Amino acid sequence: MAGLKLGSKSDAFRRQGMAWFCTTGLPSDVTVEVGEMSFHLHKFPLLSKSILLEKLITEKSKEEEEEGGCLIKLHDVPGDSKSFELIAKFCYGVKLEFTASNAVYLRCAAEYLQMTEEVSEGNLISQTETFINQVVLRSWKDSLKALQTCDDLLPHAEDLNITKRCIESLAVKACKDPNLFGWPMMEHGSMQSPGGSVLWNGISTGARPRSCSSDWWYEDVASLSFLTYKRLIAVMESRGIKPDIIAGSLTSYAKRHIHGLNKRQNTANATSDSTLSEEKQRNLLEEIDRLLPFQKSITSTKFLCNLLRFALILKASSTCVSNLERRIGLQLDEAALEDLLMPTFSYSMETLYDVDCVQRILEHFLAMEQEVGNASPGLVDDEQLIRSLSLMPITTVAKLMDGFLAEIAPDVNLKLPKFQSLAAAVPEYARPLDDGLYRAIDIYLKAHPWISESEREQLCRLLDCQKLSLEACTHAAQNERLPLRVVVQVLFFEQLQLRTSIAGCFLVSDNLDGGSRALRSGHVGLTEGAGWATSVRDNQVLKVGMDHMRTRVSELEKECSTIRKEIARLGQERSGGWAVVPKRFGFRIKLQMCSAKEGSASGHQRSTSEKIEMLNAKLQKHKRSLSVEK
């Protein structure tokens, strides 16, 4: 920090309690009271520097001549007794150093005491003004320090335009390369010595080089009061600084002053956070939301979700909460699952996590996707749609929502309509596979065993069995929590997938066999022959896989036959009240054969039997085709 030394006399002031005395050997003839502090001084040094003190001393001297003393009370001096102590030293010519920490105090106090050039040449106003303009405002750190002191000197610092000048100085420096001012910060090149220290005119300074990124000033300006910081950001925006840099600075400021927002912040650095009350933190959060640029991806989704979480905790305004939800919705595809797990802070909601908030965020995302889809040209064909689907943000969001559904599913207080509404909000085309949705539904059914059979079927209608992988189909076929209709559909589509896979394997096998014959007949060159040899080896591996598939088809045939026998036996036992299908296939059916519902139960059994008969017939047909192909 740069400084300017004035005066030549040694310090002639000493303090006793709440009083300052000048030890020049002459008795004091004037007492100046500033706040609770008393200064026992002499008239002449004060009269020769200050118009205001000259006027007050003259008036008081006439009134108190008979008492033999002069008492002056100054309770409005900017900076109180600390500033006047420095003023007194300046008047007596005692050694004094101007710094960025006291320059603004001295400038405002000098203006108040009218210490102009009319009274004395080189007076305090001109000295401090020159120091501020030529020293303080040319340095980033000095400008920042001076600006921090302006908060204690309002409105005097505002009237003298000191606050404005410091803000302009900081804004200019933040918008420019930091190498252009202050101490050199170059990272490499001729500015480094062989030892790695910074060189200045060829001389090693011993300082280590610092990298110059666009966020180098974030931490510094975060120490400012919010009103001053807000003015600084406004000036930076007017100078055309990039929105992402503004957003980064706002993020840094919020993490420093909103208690708990920065999880990595330790208690040693949290002193500024603890000074803000809950109301001030709520007001600060709402102001941060208003200042953040409303653009996608310039602020991290994790920070926005944390900001929303604290907005709910601090009970911020509905406008602030809605804006944050909209911001997150714009970039929901960039969120992580843990970002969306927001605990419920309302007494009226019984669920562990705030599901309604996440659903509103999802709706904002879907509305944005629809606008983008309407504005962009249509795709050429379905093949292009499938090819691009995996790269679409909505596919990422669908996976994210399936993960969120799986997290909230164990909550016993989560009602079925709310779970079903969130699951159905994701468009069908957004899920290339329904494995994630199946997992969430299975967890929900396990955590809510009391829901009725009709509610289970209603929930499982969200599943598209054709979009389940073989692993998911295998699990679903043995899942006793699923309705029978779903299990039958899963078995049917699993058989179709196996048949398609086997047909594809035969096609590949035929092509490879033809290539092998061409290789043996010498129709390919040496390089191509090596490739075909590798393909033949791959063909052998595929044949092993086909044998495994045939075994699986045979197992499915036996399982479907077992289902048919069990359902047929149910028809014979319907007069017995309840009949339970053994857990031989991995699921259980409970049917109550009441006389009032006997007809409908029999019809349901016939319908199910017909479906199983059709499935079994197709399996027999496929088995015969496999026998022929062998």
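Look a little higher up for the structure.
Residues numbered from 1 in each chain as written. Predicted model: local features only at pLDDT ≥ 70, side-chain atom pairs only at ≥ 80, totals over all residues. Heavy atoms only, no water.

Draft legend 1. View of the overall build of the protein chain. What the protein chain contains, in helices and strands, is 26 helices and 11 strands. Out of the 630 residues in the protein chain, the part that is buried amounts to 44%. Considering only intrachain contacts with a sequence separation of at least 6, the fraction spanning at least 24 residues in the protein chain is 67%. In the structure as shown, the protein chain presents an accessible area of about 33600 Å², 52% of it carried by carbon and sulfur atoms. (Helix = DSSP H or I, 4+ residues; strand = E, 2+ residues; numbered from the N terminus. Buried < 20%, exposed > 50% of the residue type's maximum accessible area, 1.4 Å probe, protein only. Contact = heavy atoms within 4.5 Å. Areas by Shrake-Rupley, 256 points an atom, 1.4 Å probe, with all protein chains shown as cover.)

Draft legend 2. Quick peek at the side chain of Arg309. Within the fold, Arg309 resides in helix α14 (residues 301-313). Contact partners of Arg309, with chain neighbours within four places excluded, come to Glu338, Asp339, Leu341, Met342, Pro343 and Phe345.

Draft legend 3. Looking closely at the pattern of salt bridges. Tallying each qualifying case throughout the model produces 17 salt bridges. Here Asp339 makes a salt bridge to Lys302, at a shortest N to O gap of 3.0 Å. Residue Asp339 is located in helix α16 (residues 337-340), and its partner Lys302 is located in helix α14; the two are separated by 37 residues in the primary sequence. Classification of Asp339 as buried rests on a relative accessible area of 5%. A relative accessible area of 37% means that Lys302 is categorised as partly exposed. With a shortest N-O distance of 3.7 Å, Lys418 and Asp356 are connected by a salt bridge. Highlighted residues: Lys418 in helix α20 (residues 416-425) and Asp356 in helix α17 (residues 355-375), separated in sequence by 62 residues. Take Lys418: its relative accessible area is 26%, and that puts it in the partly exposed class. Classification of Asp356 as partly exposed rests on a relative accessible area of 29%. Each member of the salt-bridge network shares a partner with another, and the members are Arg107, Glu111, Glu129 and Arg165. (Salt bridge = Lys/Arg side-chain N within 4 Å of Asp/Glu carboxyl O.)

Draft legend 4. Expanded view of empty space enclosed by the protein. For the structure shown, the criterion picks out three cavities of 30 Å³ or more. Its boundaries defined by the atoms lining it, the second largest cavity holds a volume of some 60 Å³. In terms of lining residues, the second largest cavity is bounded by Pro293, Phe294, Gln295, Lys296, Ile298, Thr299, Leu304, Arg327, Leu330 and Gln331. Counted by class, the lining of the second largest cavity contains five nonpolar, three polar and two charged residues. (1 Å grid on protein atoms, 1.4 Å probe; cavity = no way out; pocket = protein on both sides within 12 Å on 5 of 7 lines; lining within 4 Å. Points joined across faces, edges and corners; volume = space filled by probe spheres on them. Nonpolar A, V, L, I, M, F, W, Y, C, P; charged D, E, K, R; others polar.)

Draft legend 5. Structural context of the packing of helix α6 (residues 140-150) against helix α8 (residues 162-175). Interaxial distance between α6 and α8 falls to 9 Å at its minimum, and their mutual angle equals 145°. The two elements α6 and α8 meet at a crossing, and its hand is left-handed. Only Ile162, Thr163, Cys166, Ile167, Ser169, Leu170, Lys173 and Ala174 of α8 make contact with α6, whose side of the interface consists of Trp140, Ser143, Leu144, Ala146, Leu147 and Cys150. A class-by-class count of the residues in the contact of α6 with α8 yields 10 nonpolar, three polar and one charged. (Axes fitted to C-alpha atoms, helices over the stretch in contact; angles between N-to-C directions. Left-handed = near helix turned anticlockwise from the far one by under 90°.)

Draft legend 6. Quick look at unusual backbone geometry. A cis amide bond links Leu154 to the next residue, Pro155, at an omega of 5°. Considering the arrangement of structural elements, one finds Pro155 in the loop between α6 and α7 (156-159). If you check the backbone angles, Asn161 has positive phi at about 60° while not being a glycine. Summarising the element assignment, Asn161 is placed in the loop between α7 and α8. Looking at Asn161, the relative accessible area reads 40%, which means it is partly exposed. Not every positive phi belongs to a glycine, and Ser297 is a case in point at roughly 70°. Among the structural elements, Ser297 can be located in the loop between α13 (278-291) and α14. On the basis of relative accessible area, Ser297 is assigned to the partly exposed category, the value being 40%.

So yeah, pure geometry; function would need other evidence.
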